[in-house]
Amino acid sequence: MGCRLNQAETAILRSRFEAKGYAVTSDPLAADLFVLHTCTLTTHATARCRRRLRWLIKRNPDACVAAIGCYAQTDAEEIARIRGVDFVVGTADKLRLAEIIPAPVKLPEAAVINHAATRGAFAIEGAGRYPLRTRANIKVQEGCDFVCAFCIIPRSRGRARSRDFHDVLREARQLAAAGHREVVITGVNVGTYRDGARSLADLVKALADIDGLDRIRISSIEPTTVEDALLAEMACNRKLCRYLHVPLQSGDDEILARMRRRYDAGSWRAFMEEALARVPGIGLGTDVMVGFPGESEAAFERSCEMIHALPFVNVHVFSFSARPRTSAFVMEDPVAPAGIRRRSERLHRLALARKHDVYASQAGREMDVLFEGRSRNGVHTGFSDTYIRVRVESPDDLSNRIARVAVRGVERSHDGVIATGEVALEHGRQQDREERAAARRPHQ
């Protein structure tokens, strides 16, 4: 459950359990062991974790049950009181779970292991397992020093620390050898990545040299951590996806200050406009929180204005949920739940409209699309490097292939909008990419 970083760590765990002879099953009744990788970002997230644990235990009371991760770190005793839970393992020890559980047996009471995280560079043995997926997540960073008012992650994952540079490259090579065409760089605060003198931009350059790896995508990144060299790489490095997901949280300066964010609305917008100017065609994504304590109607309108002003292909709208042991939990002037729902629904509609506008603007253009999954009835879907979701019809199996697509239009889909088109050219001709890269170089 939870974030992309949890997905990356879950893939590592999967590979380690499979190495011990386990097999993954989708049938709860067939399972000897359940592992729930928990999230604790909000009270809603912790409630979902508890409900999921109880559901698993009810379906198969004889199975061994392990709750791991952030919620297991911050509220271990609360989880341990759920009858039927056998192991509660926090963030510092969760990747050792295959060693911690010698056999999937029920215990008379839950074993709790939640040591504090250590500082310094780290390495991760092995590589993640992502069956039937074109892209793989790769963890490069852990923890955070920013301590935003609404966030408990510094408590659950500890202070910021980075993965050994060469260990990241070693896993990336293994992922490429396993057939993954794209890796997604992930962490709690990836822009703070440092291994000695090496920065995130240096890591991207090294990843781009790996044979078989065609795309490098950066997950959510804080605006104050995007170095100039990273934008320069995005402008000219054909393997680095032209996409930035940069959290806004609020378009109102007073709310940003109450959140303890490290920027104001004006500087955030100036950064996004600089990215648009320096990286032609870049796709933009963001997060917006609705209903933070003290958010007036005027403050909410400023968030809406910011979303309307920029060409976002992706906007995550979050309703504020007060988390105990964060400073926001005790803040005065809360927003009523009905007001939060109303604002959230409006912002969702605005975000979808902006996404539709950006997708529609791509009609008549060509883009390289990495197709995912297996085809069904000749219909294939995938993503451009700018995170435009595209659907085509083709008699060929395009799974895990990059093809040039001519975009013809945009349609509504079950989860938003999707661009439609037809395959124009199988990937391989690099002339146009090189011309675009050359055109961008004066902006470095």
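Residues numbered from 1 in each chain as written. Predicted model: local features only at pLDDT ≥ 70, side-chain atom pairs only at ≥ 80, totals over all residues. Heavy atoms only, no water.

Give me the lowdown on the layout of surface pockets, citing residues and values where you can.
Computed from the structure, the largest pocket encloses a volume of approximately 1500 Å³. Lining the largest pocket are 50 residues, and of these Cys3, Leu41, Ser220, Asp287 and Phe318 sit closest to its centre. Contributing elements (two or more residues each) for the lining of the largest pocket: α1 (4-19), α2 (43-59), α6 (153-157), β8 (182-186), β11 (215-218), β12 (243-245), β13 (283-290) and β14 (312-319). Across the lining of the largest pocket, the residue classes tally to 24 nonpolar, 18 polar and eight charged. (1 Å grid on protein atoms, 1.4 Å probe; cavity = no way out; pocket = protein on both sides within 12 Å on 5 of 7 lines; lining within 4 Å. Points joined across faces, edges and corners; volume = space filled by probe spheres on them. Helix = DSSP H or I, 4+ residues; strand = E, 2+ residues; numbered from the N terminus. Nonpolar A, V, L, I, M, F, W, Y, C, P; charged D, E, K, R; others polar.)

Give me the lowdown on helix α12 (residues 297-309), citing residues and values where you can.
With 13 residues, α12 should reach 18 Å at 1.5 Å per residue; the first-to-last C-alpha distance of 18 Å fits that figure. Looking at α12, one finds that the buried residues are Ala299, Phe300, Ser303, Cys304, Met306 and Ile307. Angularly, the buried residues of α12 cover 155° about the axis, an arc narrow enough to put them on a single face. Facing away from the buried side of α12 by over 90 degrees, the exposed positions are Glu305 and His308. Each element contacted by the buried residues of α12 is listed here: α10 (253-259), α11 (265-278), β13, β14 and α13 (337-360). (Expected span 1.5 Å × (residues − 1). Buried < 20%, exposed > 50% of the residue type's maximum accessible area, 1.4 Å probe, protein only. Arc of directions from axis to C-beta. Contact = heavy atoms within 4.5 Å.)

Give a description of the pattern of salt bridges that names residues and reports values.
Enumeration over the complete set of coordinates arrives at 36 salt bridges. Glu182 serves as the salt-bridge partner of Arg215, at 3.7 Å between the closest nitrogen and oxygen. Placement of Arg215 in strand β11 and of Glu182 in strand β8 is noted, with a sequence separation of 33 residues between them. Taking relative accessible area as the criterion, Arg215 reaches 3% and is therefore assigned buried. Its salt-bridge partner being Arg342, residue Glu297 comes within 2.5 Å of it at the nearest N-O pair. (Salt bridge = Lys/Arg side-chain N within 4 Å of Asp/Glu carboxyl O.)

An account of the sheet that holds strand β5 (residues 135-139) is needed here, citing residue identities and associated values.
Spatial ordering of the open sheet is given by β5-β8-β11, a layout of three strands whose pairing is parallel. The open sheet terminates on both sides in strands that have one partner only, identified here as β5 and β11. Pairwise comparison of adjacent strand axes, ignoring direction, gives a mean angle of 25° for this sheet. Sheet contacts for helix α7 (residues 165-177): β5 and β8; angle to β5, the most-contacted strand, approximately 165°. (Pairing = 2+ DSSP bridges. Axes fitted to C-alpha atoms, helices over the stretch in contact; angles between N-to-C directions.)

I'd like a description of the side chain of Arg181, backed by residues and values.
As for its placement among the helices and strands, Arg181 is situated in the loop between α7 and β8. The exposure class assigned to Arg181 is buried, which follows from its relative accessible area of 19%. Polar side-chain contacts of Arg181 include one of 2.4 Å to the side chain of Asp214. Once residues lying within four places of it in the same chain are set aside, the contact partners of Arg181 are Thr134, Gly212, Leu213, Asp214, Arg215, Leu370, Asn400, Arg401 and Ile402. (Polar contact = N/O pair within 3.5 Å; in protein donor to acceptor, adjacent residues only side chain to side chain.)

Explain the environment of Leu36 to me, and be specific about the residues and the numbers.
Along the polypeptide, Leu36 turns up in strand β1 (residues 33-38). Taking the relative accessible area as the measure of exposure, Leu36 reaches 7% and is therefore buried. Taking C-alpha positions, Leu36 is 4.9 Å from Ala67, a pair spaced 31 residues apart along the chain. Those residues in contact with Leu36, other than ones at most four positions away along the chain, are Met1, Cys49, Arg52, Leu53, Ala66, Ala67 and Ile68.

Let's hear about helix α8 (residues 200-208): which residues, and what values?
With seven of nine residues buried, α8 is to be regarded as a mostly interior element. Residues of α8 that are buried sit in contact with α7, β8, β9 (194-195), β10 (198-199), β11 and α9 (228-236).

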